[in-house]
Amino acid sequence: MLGVQNISRRTFLKSAGVTGALVLGANVTTGSMIGTARGQSNGSSVKPNLFVEIADDGTVTITCSRSEMGQGVRTGIPMILADEMEADWQRVKIWQAPGDETKYDPAGKDAQNTDGSRSTRHHFDVMRELGAAGRYVLEQAAAKKWGVDASEVYAKDHRLYHTGTGQWFDFGEVVDAAADIAVPTGDAAPRLKDQSQWKYIGRDMPVVDNYDMSTGGATYGADISVPGMKIAVVARPPVYRGKAKSFDATEALKVQGVEQVIEIPALSDAMPAQFRALGGIAVIGTNTWSVMEGRDRLVIEWEDGPNVRHDSGTYNDELMASARAGGLVIRDRGNVDEALGSAAQVMEAEYFVPYFIHTPMEPPVALVDATQMPVKIVSSTQAPNETRQYVAEALGIEKTDVECQVTLLGGGFGRKSKPDFACEAAILSANIGAPVRVQWTREDEIRHGYYHAASAHTLKAGLVEEGNVTAWHHSGAWPSLISLWNPVQRTGHPLEFGLGLIDTPYNQVPNIRIENGETDAMIRVGWYRSVNNIQHAFAMNCFANELAEAAGRHPVEFLLELIGDADVMDLTADGVEGHWNYGDAIEDWPIMPKRLSNVLRVVAEKSGYGKSLPAGHGLGVACHRSFHSYVGCAVHVVVREDGSLHIPQVDMAIDCGRYVNPEGVRKQMEGAAIYGHSVAMHGQITTTQGAVDQSNFHDYTITRMDDAPLDVRVHIVEDYTHLRPCGVGEPGVPPYTPALVNAIYQATGKRIRRLPIGDQLESA
Amino acid sequence: MISMKINGVSRQFHGDPDMPLLWYVRDELGLTGTKFGCGAALCGACTMHVDGEAVRSCVTAVSEADGSEVTTIEGLDAEGNHPVQRAWRAHNVPQCGYCQSGQIMSAAALLNENPDPSDEEIVDGMAGNICRCGTYQRIFAAVRTAAQEV
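Definitions and limits used
- Per-chain numbering applies: the sequence of each chain, read as written, is numbered from 1 onward.
- Going through the entries in the order they are written, you letter the chains from A and number the ligands from 1.
- At least 70 in pLDDT is required for a residue's local features to be given in this predicted model, at least 80 for side-chain atom pairs to be given and counted, and no such filter applies to totals for whole chains, interfaces and linings, which use all residues.
- Side-chain numbers come from the whole structure's heavy atoms, not from hydrogens or water.
- The secondary structure listing takes helices from DSSP runs of H or I that are at least 4 residues long and strands from runs of E that are at least 2 residues long, numbered from the N terminus.
- The globule rule used for comparison is 2.2 Å times the number of residues to the exponent 0.38, while the radius of gyration itself is calculated over C-alpha atoms.
- Only protein chains enter the area calculation, which uses a 1.4 Å probe; residues under 20% of their type maximum are buried, those over 50% are exposed, and those in between are partly exposed.
- Any pair of residues with heavy atoms lying within 4.5 Å of one another is described as a contacting pair.
- In this tally, Lys and Arg are treated as positive and Asp and Glu as negative; His is ignored, and so are the chain termini.
- To locate a charge, the coordinates of NZ of Lys, CZ of Arg, CG of Asp or CD of Glu are taken.
- The domain boundaries here were taken from an automatic or database domain assignment.
- Once two parts are put together, the accessible area they lose, assessed with a 1.4 Å probe and summed over both, is termed the buried area.
- Think of a salt bridge as a Lys or Arg side-chain nitrogen and an Asp or Glu carboxyl oxygen that are within 4 Å of each other.
- We call two N or O atoms a polar contact when they sit within 3.5 Å, provided that within protein one can donate a hydrogen and the other can accept it, with sequence-adjacent residues counted only if both atoms are side-chain atoms.
- Under the scheme applied, nonpolar residues are Ala, Val, Leu, Ile, Met, Phe, Trp, Tyr, Cys and Pro; charged residues are Asp, Glu, Lys and Arg; polar residues are all the others, including Gly.
- By the convention used here, strands pair only if DSSP detects at least 2 bridges between them.
- In this analysis an axis means a line fitted to C-alpha atoms, helices contributing only their contacting stretch, and an angle means the value between N-to-C directions, from 0 to 180 degrees.
- The criterion is simple. A nonpolar core is a set of buried Ala, Val, Leu, Ile, Met, Phe, Trp, Tyr and Cys residues joined through side-chain atoms within 4.5 Å.
- Per residue, pLDDT captures the predictor's confidence, and it can take any value from 0 to 100.

Overview of the overall build of chain A
So, point 1. The helix and strand tally for chain A stands at 17 helices and 28 strands.
So, point 2. In terms of overall dimensions, chain A is globule-like: its C-alpha atoms have a radius of gyration of 27 Å, near the 27 Å expected for 764 residues.
So, point 3. Here the C-alpha coordinates of chain A stretch approximately 85 × 70 × 45 Å along the principal axes.
So, point 4. In chain A, buried positions account for 66% of the 764 residues.
So, point 5. Partitioning the contacts of chain A with sequence separation of at least 6, the portion at a separation of at least 24 is 77%.
So, point 6. Averaging the locations of the 68 positively and 95 negatively charged side chains of chain A gives two centres separated by 3 Å.

Right under this line is the structure:
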């Protein structure tokens, strides 16, 4: 329960040119107390963090405090409020909030960082309550104007109707009478609409930015300029934590448009990388091309530092050895050793997944004006408050002296929650005394990123005579993303275990042990769409498929037997303590094997699994729970004589509980299949003597239309829509790769255990 | 001096003739609808039309466009209602939207050249444009729809 307060008389949000407006603010954490808008001096009160404004022309402006990166958040979350308020969507505008976690994340849950596929589930209830409050106040205002009891008034489609006479007001017409109407709380709080009355929630809605995005009018990070602004690119150390020993800028400064060359201090040895600037040599000027040309003419001598020993050839072998060794037991059910000892057959397989890099189409970019207080940032960031925090640190000022405006993001995928690029712009702006936009090139993005952890996995299972699995042992090793804060971190972290490993869903297996081996991080490791779920889903779904074959069983039936149909899988029964459940209470979002089995059954049926296929064709399935959602995937593959692939059809079944915009869910699943296809076929970052080998789309290949699945059929499972909303942006990616790999096996008899698939089939 | 018409407006450029059209248009003229994605003609985000042909403006020097008619996404249609743009909206193509200016310019050029492309010709014609969000299925459908109108 939250309280909502009418703050019309003291709000800062009122639209320019509007003479009167009803503004409601709510605080999502307290439930009882609503505070004042910013600008009021009452420091003891809570600040409202969600806003809706109704102007006297009827325009409804809804605040979106999370970043839009293609997942549809600027549409989905406002839809909830508009529905509950009975607003007409055509008259709704979205206002993008700047970074301010005191308002937009008062509970300290996510620092307003758009990440973890959590925006809908964390906003669904509060947006409904705020919408209901808006409807309540408008109804009261109309009643006041008519001099009737409010029970005779109802809101519908942006109008307030009087039941007796059929008279109506437009929303805008009652705003003048609404300013002093209080919103009751507790038992008297405005009632939510019955689900049968929903008009937007659960219905298809095009994204609010559709027109702008089809006409070049949408604004991204590099599209905003300010007077006096300079543009900079930075030459960074090729090896992580390297430094510039010396540089010569003579030739760079001769390029027309280049004005200055400045060193950004290297990350000091004592400092964890976190989201700080890597350091390097910045070329500053008036035009993006000029500074890129200037950078090419820099002569720099680098000192590589200890990570020069980071060579993928040996590092990947070490990772596999570490997985074999295991060591840290994170889940232990029954007695795996005993069960393996008494098994009729013991199966083993090893899987490897390399580093990936995000490659959002818009490379990182940030504009910072540090010439005045407060310092102003404009950035396409997922994390406006961490951007403020790190920029403040870089400048030696308080975070409260830094503002961050959020533009649209040209893709994020986790890269843009790490504001090292804004730190660079801040340092340069302070240094030269002018606003600076730092533009990363594609080469910068690929060579100086935060890489999805490479990982090695050894799996072992015991089968008894009847073909049942009695023991499951999975040991994984990867460099931990916690190394960003703790450089000597050698094991994984509960946050990574929770990404589809510790919660391995084969609940019917009586003996399960999951281990984690140690390794060093020698590169910046960071989260990437779906994070470690990708490799975990890959290894376990592929291994389960191998077991099904060894047991002579139907792969879908076999997998369904491993998962079972229990309501809930309780990890504490297996001795797991401190399970990280995507930051949420396990009671609210439990692990539900029956929902996983359900999506698997759906895709098996929809894809016609088991139908006879021509030679060279294969149909593979996989399923995975991540971000609380359950996704089943079936991939139909055709492997041609030359080893090239064609994907005639993909079926994706998602159970994300309550959903808001089914069109948005379908788009995320379609995109996830294609994102997954890039992971499966092409994704690979390697290093030689510490430096990343790849540099642009010619050697870091992304799936294009000519190798993409173009018939992705999305099946939104309705069985559990009475349950809480779950994630949608990320959960579609993990099951795609194992479904494809299992399909390839059916088509060719070749097991792919190392990603990317690349040219492995050419030699088949 | 280099002269060209950009979206119907005559422009004179006095700077470095090697400057790519992308940066002239974005940084000097402030037309930001065209996007930077790779700088190497690998992703298509910067696609513009020069005398009706789709070019990757990140590797096309302004000197190569001397005397030409250049069209950017802003100039494709005054109301933003080119058949390709309408089809894009009808199919709800965009996710993040960043690559879509380039996708739309490629599709418009493709249909200009070949108003009735086969499925294969659509795929071939659009394979130069990367969309990281993975909107290809809808792009494909939108191009087909637009082809019925041009």
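Describing the domain arrangement of chain A
Interfaces are often sized by the accessible area lost when the parts come together.
All names here are of chain A.
So, point 1. Here chain A is described as being made up of domain 1 (3-215), domain 2 (223-306 + 371-439) and domain 3 (312-356 + 450-748).
So, point 2. Using only C-alpha atoms to locate each centre, domain 1 and domain 3 end up separated by 39 Å.
So, point 3. Taken together, the contacts link 23 residues of domain 1 with 22 residues of domain 3.
So, point 4. Summing both partners gives a buried area of about 1600 Å² for domain 1 against domain 3, and 50% of it is carried by carbon and sulfur.
So, point 5. Looking at the side of domain 1 facing domain 3, the largest losses of area belong to Ser117, Arg121 and Asp204, adding up to 36% of the total buried there.
So, point 6. Taken together, the connections running from domain 1 to domain 3 amount to 2 salt bridges.
So, point 7. Residue Arg666 pairs with Asp204 through a salt bridge whose shortest N-O separation is 2.7 Å.
So, point 8. There are 12 residue pairs in polar contact (both at pLDDT 80 or more) connecting domain 1 and domain 3.
So, point 9. Elements supplying a minimum of two residues to the side of domain 1 that touches domain 3: α1 (73-85) and α3 (119-146).
So, point 10. Looking at the side of domain 1 that touches domain 3 residue by residue, the class counts come to 8 nonpolar, 10 polar and 5 charged.

Remarks on the sheet that holds strand β4 (residues 53-56) of chain B
All names here are of chain B.
So, point 1. In space, the 5 strands of this open sheet follow the order β2-β1-β5-β3-β4, with mixed pairing throughout. Among the strands making up the open sheet, the edge pair consists of β2 (9-13) and β4. The sheet shows a mean angle of 35° between the axes of neighbouring strands, taken without regard to direction.
So, point 2. Sheet analysis places strand β1 (residues 2-6) next to strand β5 (residues 69-71), joined by 2 bridges and oriented parallel. From the neighbouring strand, Lys5 faces β5, where its bridge partner is Glu69.

Quick look at the pairing of strand β19 (residues 436-439) of chain A
Residues and elements named next belong to chain A.
So, point 1. Both faces of β19 are covered, namely the face carrying Val436 and Val438 and the face carrying Arg437 and Gln439.
So, point 2. Sheet topology places strand β9 (residues 230-235) next to β19; 3 bridges connect them, and they run parallel. Of the residues in β19, the one forming a bridge with Ala232 is Val438.
So, point 3. In this sheet, β19 lies alongside strand β16 (residues 365-369) in antiparallel orientation, the contact comprising 4 bridges. Bridge assignment links Val368 to a residue of β19, and that residue is Val436.

Describing the environment of Ile685 of chain A
Residue and element names in this part refer to chain A.
So, point 1. Within the element layout of this structure, Ile685 appears in the loop between α16 (662-681) and β26 (687-688).
So, point 2. You can call Ile685 buried: its relative accessible area is 1%.
So, point 3. As a C-alpha pair, Ile685 and Val728 span 43 residues in sequence and 26 Å in three-dimensional space.
So, point 4. If we skip the residues at most four places from it in the chain, Ile685 touches Ser312, Tyr355, Phe356, Ile357, Ile446, Tyr451, Val692, Gln694 and Tyr700.

Thoughts on the sheet that holds strand β22 (residues 511-516) of chain A
Residues and elements named next belong to chain A.
So, point 1. In space, the 5 strands of this open sheet follow the order β14-β22-β21-β20-β15, with mixed pairing throughout. Strand pairing shows two members of the sheet lacking a second neighbour, β14 (328-333) and β15 (345-353), which therefore form its edges. Geometrically, the sheet is characterised by an average inter-axis angle of 10° between neighbouring strands, direction not taken into account.
So, point 2. Summarising the sheet, strand β20 (residues 455-463) and strand β21 (residues 469-477) pair through 8 bridges and their orientation is antiparallel. Counterpart to His457 in the pairing with β21 is Gly476.

Notes on the domain arrangement of chain B
All names here are of chain B.
So, point 1. Along its sequence, chain B is organised into domain 1 (2-75) and domain 2 (83-147).
So, point 2. Each of domain 1 and domain 2 has a C-alpha centre, and the two are 20 Å apart.
So, point 3. On the side of domain 2, 13 residues touch domain 1, which itself brings 16 residues to the contact.
So, point 4. Summing both sides of the interface, domain 1 and domain 2 together bury roughly 1200 Å²; the carbon and sulfur share of this comes to 55%.
So, point 5. Viewed at the interface, domain 2 and domain 1 are joined by 0 salt bridges.
So, point 6. If you look at where domain 1 meets domain 2, you find 6 residue pairs in polar contact (both at pLDDT 80 or more).
So, point 7. At the level of secondary structure, the elements contributing two or more residues to the side of domain 1 that touches domain 2 comprise β3 (47-50) and β4.
So, point 8. Here the side of domain 1 that touches domain 2 gets 3 residues from one element, more than from any other, and that element is β3.
So, point 9. Considering only residue class, the side of domain 1 that touches domain 2 consists of 7 nonpolar, 7 polar and 2 charged.

Topic: the nonpolar core
So, point 1. In terms of nonpolar packing, the biggest core is built from 237 residues, with Leu740 and Ile757 of chain A together with Leu21 of chain B touching the most fellow members.
So, point 2. Dropping the residues within four chain positions of it, Leu740 of chain A is found in contact with Val635, Val637, Leu645, Ile647, His677, Ala680, Met681 and Ile757 of chain A.
So, point 3. Ranked by size, the runner-up nonpolar core spans 45 residues in total, among them Val4, Val92, Ala141 and Val174 of chain A.

Topic: the interface of chain B and chain A
So, point 1. Facing the 51 residues of chain B at the interface are 60 residues of chain A.
So, point 2. The contact between chain B and chain A buries some 4600 Å² in all, and 57% of this surface belongs to carbon and sulfur atoms.
So, point 3. Inspection of the region where chain B meets chain A yields 4 salt bridges.
So, point 4. Between Glu670 of chain A and Arg138 of chain B there is a salt bridge, and its shortest N-O distance comes to 2.7 Å.
So, point 5. At the surface where chain B touches chain A, the tally comes to 29 residue pairs in polar contact (both at pLDDT 80 or more).
So, point 6. Elements with a minimum of two residues in the side of chain B that touches chain A: α1 (21-28), α2 (83-90), α3 (100-113), α4 (119-126) and α5 (136-147) of chain B.
So, point 7. Sorting elements by how many residues they give to the side of chain B that touches chain A places α5 of chain B first, with 5 residues.
So, point 8. Among the residues making up the side of chain B that touches chain A, the classes are represented as 25 nonpolar, 15 polar and 11 charged.

So, unusual backbone geometry
All names here are of chain A.
So, point 1. Residues Met373 and Pro374 are joined by a peptide bond in cis, for which omega reads -5°.
So, point 2. Note on placement: Pro374 falls in the loop between β16 and β17 (375-379).
So, point 3. In this chain, Leu755 is followed by Pro756 through a cis amide linkage whose omega measures 0°.
So, point 4. Position of Pro756 relative to the elements: it lies in the segment after α17 (736-748).
So, point 5. The residue Thr359 is not glycine, and still its phi comes out positive at about 45°.

A look at the confidence of the model for chain A
Residues and elements named next belong to chain A.
So, point 1. Here chain A averages 93 in pLDDT, while 94% of its residues score no lower than 70.
So, point 2. Contacts of residues 11-18 to residues separated by more than four positions or lying in other chains number 19 contacts, the stretch itself having pLDDT below 50.
So, point 3. Contacts from residues 28-47, a stretch scored under 50 in pLDDT, to residues over four places away or in other chains number 45 contacts.

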